[in-house]
Amino acid sequence: MCSETSEISEATKRWSKQCSQAHLYPMAAGGKRVRPLLLLLTAHSLGGKEAMALAKWPAMALECVHTYSLVHDDLPCMDNDDLRRGRPTTHKVYGDAKALLVGDGLLTGAFACLAQIPADHGPLLQACIARLSKAAGAQGMVLGQWMDLSAAADSDNVTWDDVSLLHRLKTGELFAASFVLGAMCANALNQKTLSENCNQWAEIGYKIGLAFQIIDDVLDETRPSSILGKTAGKDATQNKLTATRLLGLKPATELAHSLSSEAAVTLNKLLPAENDATSLLKSFVNQLLERKF
Ligand code: GRG
């Protein structure tokens, strides 16, 4: 940053380095990388290695968006958490204001990653920008987070239907984008309409996202912080409207299983061929839902 000027002060060089390090802090903390892996595996299943190579740009973009959302979600004005990915949260290390900036930088960086899609794939680039901004923005994840904050303040009037819509947006949108962006990369290379089968791919993502969130609620009640890498039992402390609270532990677990099965049925329909690539994606989805990693 600013390296072309030789008159830059030592202080500015230090701040620039600190700013870069702060952006790396939550990214390098070692999340599971579920969303980029789903994206890459979907592209690989539909379009082989060439599609997967093209898909690396949206995959990186998606992880940047996801990580930004966690950094902002952990802030004291939102979910107020001290532990994330097994480490102190970004604001605990850099302060609230700078953690806010790290989130802003990661979100902006996501679109810089998309801009790396080669110019001969212009329509794909445009479609990726449109899909990712829809998933992350004010009709997607941001709206889900908005509903979450609002629901917490109006808990007597909130139903499971409200909460499941909230999760569809807050968690499901990025899962849907994982599959859709991967499919679009393959469609671009296979000379197909970019949006082919994308509604069905999105539905798989929404179902997996909701199941993932319900399982998260179940684990929050049943596993310690040392295993989760984040503060356990926090939902109950904060009086959150979780699936387990609204439905009960057993029905919530059953719902997660039935959503997972429905997602698997659609996945098998979209990928009827059994080969190394499709088996890898299907097995990854299964392991994800069984929380094997
Ligand atoms: C701040 C706009 C804004 C949105 C925040 C995603 C989100 C919205 C908040 C996170 C709250 C949360 C813990 C939701 C549970 C499901 C979930 C998204 C968990 C975190 O995803 P993982 O398990 O995390 O994939 P890693 O760290 O492995 O990447």
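The preceding data block contains the structure.
Residues numbered from 1 in each chain as written. Predicted model: local features only at pLDDT ≥ 70, side-chain atom pairs only at ≥ 80, totals over all residues. Heavy atoms only, no water.

Description of the overall build of the protein
Looking only at helices and strands, the protein has 13 helices and two strands in total. In terms of C-alpha radius of gyration, the protein reaches 20 Å, essentially the compact-globule figure of 19 Å for 293 residues. When its C-alpha atoms are laid out on the principal axes, the protein stretches across 65 × 50 × 30 Å. Across the 293 residues of the protein, 48% fall into the buried class. Counted over contacts in the protein with a minimum sequence separation of 6, partners at least 24 positions apart contribute 70%. Accessible surface computed for the protein: about 14,300 Å², of which carbon and sulfur atoms make up 57%. The averaged location of the 31 negative side-chain charges in the protein is 5 Å from the averaged location of its 29 positive side-chain charges. (Helix = DSSP H or I, 4+ residues; strand = E, 2+ residues; numbered from the N terminus. Rg over C-alpha atoms; globule rule 2.2 N^0.38 Å. Buried < 20%, exposed > 50% of the residue type's maximum accessible area, 1.4 Å probe, protein only. Contact = heavy atoms within 4.5 Å. Areas by Shrake-Rupley, 256 points an atom, 1.4 Å probe, with all protein chains shown as cover. Lys, Arg positive; Asp, Glu negative; His and termini not counted. Charge placed at Lys NZ, Arg CZ, Asp CG, Glu CD.)

A look at unusual backbone geometry
With a phi angle near 60 degrees, Arg 33 is a residue other than glycine that sits in the positive phi range. For Arg 33, the position within the fold is in the loop between α1 (10–27) and α2 (34–73). Residue Arg 33 is classed as partly exposed on the basis of its relative accessible area, which comes to 28%. You will see that Gln 191, though not glycine, has its phi angle at about 55 degrees, which is positive. Turning to its location among the elements, Gln 191 is positioned in the loop between α7 (160–189) and α8 (198–222).

Considering the layout of surface pockets
Considered as a void within the structure, the second largest pocket measures approximately 180 Å³ in volume. Forming the boundary of the second largest pocket are Trp 15, Gln 18, Cys 19, Ala 22, His 23, Tyr 94, Lys 98, Leu 101 and Val 102. Residue assignment for the lining of the second largest pocket shows that the elements contributing at least two residues are α1 and α4 (96–114). Classifying every residue of the lining of the second largest pocket gives six nonpolar, two polar and one charged. (1 Å grid on protein atoms, 1.4 Å probe; cavity = no way out; pocket = protein on both sides within 12 Å on 5 of 7 lines; lining within 4 Å. Points joined across faces, edges and corners; volume = space filled by probe spheres on them. Nonpolar A, V, L, I, M, F, W, Y, C, P; charged D, E, K, R; others polar.)

Examining the packing of α2 against helix α5 (residues 122–136)
Between α2 and α5, whose axes approach to 12 Å, the crossing angle comes to 20 degrees. Viewed along their axes, α2 and α5 adopt a mutual orientation that is roughly parallel. Both α2 and α5 take part in a crossing whose hand is right-handed. In this structure, α2 uses Leu 54, Pro 58, Ala 61, Leu 62 and Val 65 to contact α5, whose residues at the interface are Leu 124, Cys 128, Leu 132 and Ala 136. A per-class count over the contact of α2 with α5 returns nine nonpolar, no polar and no charged. (Axes fitted to C-alpha atoms, helices over the stretch in contact; angles between N-to-C directions. Parallel < 35°, antiparallel > 145°, perpendicular 65-115°, else oblique. Left-handed = near helix turned anticlockwise from the far one by under 90°.)

Describing the pattern of salt bridges
What the rule picks out here adds up to 13 salt bridges. The salt bridge partner of Lys 92 is Asp 82, with a shortest N-O separation of 3.9 Å. On the criterion of sequence distance, the pair formed by Lys 92 in helix α3 (residues 90–94) and Asp 82 in the loop between α2 and β1 (83–84) is long-range, its members being ten residues apart. On the basis of relative accessible area, Asp 82 is assigned to the partly exposed category, the value being 42%. (Salt bridge = Lys/Arg side-chain N within 4 Å of Asp/Glu carboxyl O.)

Let's talk about the site of the ligand
Around the ligand, a shell composed of 18 residues is seen, among which Lys 32, Arg 35, His 66, Arg 85 and Gln 213 lie nearest. Contact between the ligand and Lys 32: an oxygen atom at 2.5 Å from a side-chain N or O atom of the residue. Interatomic distance of 2.8 Å between a side-chain N/O atom of Arg 35 and an oxygen atom of the ligand. Protein chains shield 93% of the accessible area of the ligand, which is 710 Å² for the free molecule. Counting residues per element, the ones that place at least two in the shell around the ligand are α2, α6 (141–152) and α8. Ranked by residue count, the leading element in the shell around the ligand is α2, at seven residues. Partitioned by chemical class, the residues of the shell around the ligand number five nonpolar, six polar and seven charged. (Near = heavy atom within 4 Å. Polar contact = N/O pair within 3.5 Å; in protein donor to acceptor, adjacent residues only side chain to side chain.)

Structural notes on the packing of α1 against α4
The geometry of α1 relative to α4 is characterised by a closest axis approach of 9 Å and an angle of 80 degrees between their N-to-C directions. By the criterion of interaxial angle, the relationship of α1 to α4 is roughly perpendicular. Where α1 approaches α4, its residues Ala 22, His 23, Pro 26 and Met 27 are matched on the opposing element by Leu 101, Val 102, Gly 105 and Leu 106. Split by residue class, the contact of α1 with α4 holds six nonpolar, two polar and no charged.

Some remarks on the side chain of His 72
By secondary structure assignment, the location of His 72 is in helix α2. Take His 72: its relative accessible area is 12%, and that puts it in the buried class. When near neighbours in sequence (up to four residues on either side) are disregarded, His 72 contacts Met 78, Ala 99, Leu 100, Gly 103 and Asp 104.

Observations concerning empty space enclosed by the protein
Rolled over the atoms, a probe with the dimensions of a water molecule shows which regions are left empty. Going through the model one piece at a time under the given rule, you end up with one cavity of 30 Å³ or more. Counted as a void, the largest cavity has a volume near 90 Å³. Going through the elements one at a time, α1, α2 and β2 (87–88) are the ones with two or more residues in the lining of the largest cavity. By residue number, the principal contributor to the lining of the largest cavity is α2, which donates three residues. A per-class count over the lining of the largest cavity returns six nonpolar, three polar and four charged.

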